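Single-letter residue listing:
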Amino acid sequence: MSLLTSAPPFTLQASNISKSFTSGRVVTPVLHDISLAIRPGELTLISGPSGCGKSTLLAILSGLQQPDRGSASALGHDLSSLDTRALEYFRLRHTGFIFQGFNLFPALTAQQQVELPLSYLGLPSTEVRARAIEALEDVGLGPRMKLRPAELSGGEKQRVAIARAVAKAPELLFADEPTSALDAANGQIVIDILHRIARTRGTTVLCVSHDPRLISNSDRVLTIEDGRILNDQSLPFPPAATVGTQEHSV
Amino acid sequence: MVALARLTLVHEWRRFLPAMIAVGFAGLLQLLQAALVLGIFGSASVYITGSTADLWVGYPGTQSVNLGRPIDAGVEMRLRMDADVLRVESFRWVDADWRGARDTGGVSVFVSGIDAGPDGLMFARALPTALRARLAEPGAVIVDRADLSTLGVNLRDAATINGQRVRVVGVTSGLRALGGVNVLASLATARQLDTTTAADRITYLVAKVRDPAQAGAVAARLSDGRAFGNYAVWTAKQFAQRSQMYWMFDTGAGAGVLFLAAIVFLVGAVITSQTLVAAVVGSIREYATLNALGVGVNALRKVVMEQAFWVGALGLLGSSVLAGLFFALAAHYNVPVQLSPVAAVACLFLSMLLALVSGLAAIRTLRHADPASLLR
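Residues numbered from 1 in each chain as written. Chains lettered and ligands numbered in written order. Predicted model: local features only at pLDDT ≥ 70, side-chain atom pairs only at ≥ 80, totals over all residues. Heavy atoms only, no water.

A. Broad picture of the overall build of chain B. Along the backbone of chain B there are 13 helices and 11 strands. Radius of gyration (C-alpha) of chain B: 29 Å, far over the 21 Å computed for a compact globule of 376 residues. Along the first, second and third principal axes, the C-alpha set of chain B runs to 95 × 50 × 30 Å. Taking contacts inside chain B between residues at least 6 apart in sequence as the whole, the part at least 24 apart equals 80%. In the form shown here, chain B has an accessible surface area of approximately 16,700 Å², with 61% of it arising from carbon and sulfur atoms. Counting 32 positive and 24 negative side-chain charges, chain B places the averaged centre of each group 7 Å from the other. (Helix = DSSP H or I, 4+ residues; strand = E, 2+ residues; numbered from the N terminus. Rg over C-alpha atoms; globule rule 2.2 N^0.38 Å. Contact = heavy atoms within 4.5 Å. Areas by Shrake-Rupley, 256 points an atom, 1.4 Å probe, with all protein chains shown as cover. Lys, Arg positive; Asp, Glu negative; His and termini not counted. Charge placed at Lys NZ, Arg CZ, Asp CG, Glu CD.)

B. Region of interest: the overall build of chain A. When helices and strands are tallied, chain A shows nine helices and 10 strands. Its C-alpha atoms give chain A a radius of gyration of 18 Å, near enough to 18 Å, the size a compact globule of 250 residues would have. Based on the C-alpha atoms only, the size of chain A along its principal axes is roughly 50 × 45 × 40 Å. Accessible area for chain A stands at about 10,500 Å²; split by element, carbon and sulfur atoms hold 53% of it. Looking at charge distribution, chain A has the averaged site of its 23 positive side-chain charges lying 4 Å from that of its 24 negative ones.

C. Representation of the environment of Gly142(A) within the structure. Residues and elements named next belong to chain A. Structurally, Gly 142 can be placed in the loop between helix H5 (125-138) and helix H6 (154-166). On a C-alpha basis, the gap between Gly 142 and Ala 110 in space is 9.7 Å, while along the polypeptide they are 32 residues apart. Dropping the residues within four chain positions of it, Gly 142 is found in contact with Leu 136 and Glu 137.

D. Here's a closer look at a nonpolar patch on the surface. Residue and element names in this part refer to chain B. Judged by side-chain polarity, Leu 36, Ile 40, Val 321, Leu 322, Leu 325, Phe 326, Leu 329, Tyr 333 and Val 335 come together as a nonpolar surface patch covering roughly 800 Å² of accessible area. Breaking the nonpolar patch down by element, the ones donating at least two residues are helix H2 (13-42) and helix H12 (297-332). Per-element accounting of the nonpolar patch gives the leading share, five residues, to H12. By the element assignment, Leu 325 lies in helix H12. Assessed through its relative accessible area of 54%, Leu 325 is described here as exposed. (Patch = residues over 30% accessible without salt bridge, like charges linked within 9 Å, V, L, I, M, F, W, Y side chains within 5 Å. Salt bridge = Lys/Arg side-chain N within 4 Å of Asp/Glu carboxyl O. Buried < 20%, exposed > 50% of the residue type's maximum accessible area, 1.4 Å probe, protein only.)

E. Examining the sheet that holds strand E5 (residues 77-78) of chain A more closely. Residue and element names in this part refer to chain A. Pairing is antiparallel across the open sheet formed by four strands, whose spatial order is E2-E1-E4-E5. Of all strands in the sheet, those with a lone pairing partner are strand E2 (26-38) and E5, marking the two edges. In this structure, strand E1 (residues 12-23) lies alongside E2, joined through nine bridges in antiparallel fashion. Residue pairing in the sheet places Phe 21 in a bridge with Thr 28 of E2. (Pairing = 2+ DSSP bridges.)

F. Seen up close, the side chain of Ser51(B). Looking at where Ser51(B) falls in the secondary structure, it is placed in the loop between helix H3 (46-49) and strand E1 (55-58). Within the structure, the side chain of Ser51(B) is placed 2.9 Å from the backbone nitrogen of Phe123(B), a separation counted as a polar contact. (Polar contact = N/O pair within 3.5 Å; in protein donor to acceptor, adjacent residues only side chain to side chain.)

Take a look at the structure:
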């Protein structure tokens, strides 16, 4: 992590990235020459109407897709220089993902869902278990960790997905529309958890959403439209998102 | 390590059931087919495998034991001259026509004329000594219990073979033949029934050697002399294989069996691979999420292959149990089934291969587990 201390305090950087999709003869540009840098310890939100390219930007910054032009780097690594296997290893060590659909295996209990990716880190099984339990307790699911997805509510499922993503203690956490499948109360719980992770662990949390509730709870909001950054707004006095998850847990 | 493959298999067993049934049926069919083929074609060589002779001497080029042509009985002298030969016996094969007490029309029978003495080599494994002694009575014959209804007789009934009167003095088992009915008689009785062969000729000579392990060398030595006429010497094992191969391949029956096995394999593989593909597709978003979290594609492939393995193992467990039941049933109804451990393992291995090949086909579906596709 020497890169982190010597480099400017940015963990995610994009310089002049462009991306377009080809469908038959039609080439649709999605991102136009975007440059940005994102700091750790903050909840950064990419906001904009659907189809504006925000998910594509997230995919490029997280190394899931390569840009047509420009370069993206994460934790000082140029993502385009890593091959598929190196990217997988990078993601295993450094990144967590939360998706709109919770994507939990129906056969596994909450605890097993969280243990599964952890077990590929090569940790001893006692530590895998301890970390999974800790992560689930952290999102307020301690009493429900033996339940399968079918027995959990939507909000609880998303919290399992968050626990699965953060149990690895990643430096980077990517979330794609994490609240849009949830009702107001559960959405707020998820927002608070994401915010707390950024604050207490110094994690870089990059979130893509058009949920207005998230805008008011973010440290920084990037507004994108038609593949360009329209607005980059840092909220100097972010609302105190210190509400503990335990208070929300059912 | 979370056992994703096994936990999913247990939780979503309904989804995997068609694959398990497909593998199970493929395994069951291969097992039954192999047992029937080995049982039925094994009976082509029952004369050899049911006897304790080490050497068989017959007409050169004889392809199967039922196709023997007479050789000069003087060859017996050549055999007896060899120091390693302990005992020589004649075996007379007579194709004959049977008419039973009940009206069954003519039945084609194979009369085996054998030495009825207590040390006789022929059918020593199928015939208890006391039963064999009864053949000494003129016109006495012994048949397989399962053939009684075909022959239209009961124990101790009289019948005619080639127009000559015979009497069933005993029944035994393990004598069923291919394409006809085996009838055991003494050499003297068989000679009477044989209307075509000259008296100084015999279909086969069988011999016991001092060291059965040296049977091959003795056979080679005995094959040399041509002074006693045209004859060939085989070890019992060679001749049994020769007979089975003739029935299996030269009659076309074996090709049919192999064709059926290939069809079973193909259909089983299609069903199994489609079921596994459906299971992968059903969890494709979860697999993609794992890949996003850094779990490599190879690790995901391992999960699919593990599922294929368990599907195969459970399917084969089912087929083994069912096959055991069928074999018990077959034994009860005197159906000739016979399964060597090697053949059984080969059948199970083939079916496991089917499951694993299907797993490999399903693995290709994992290329759709692209985490970028979740960001839509």
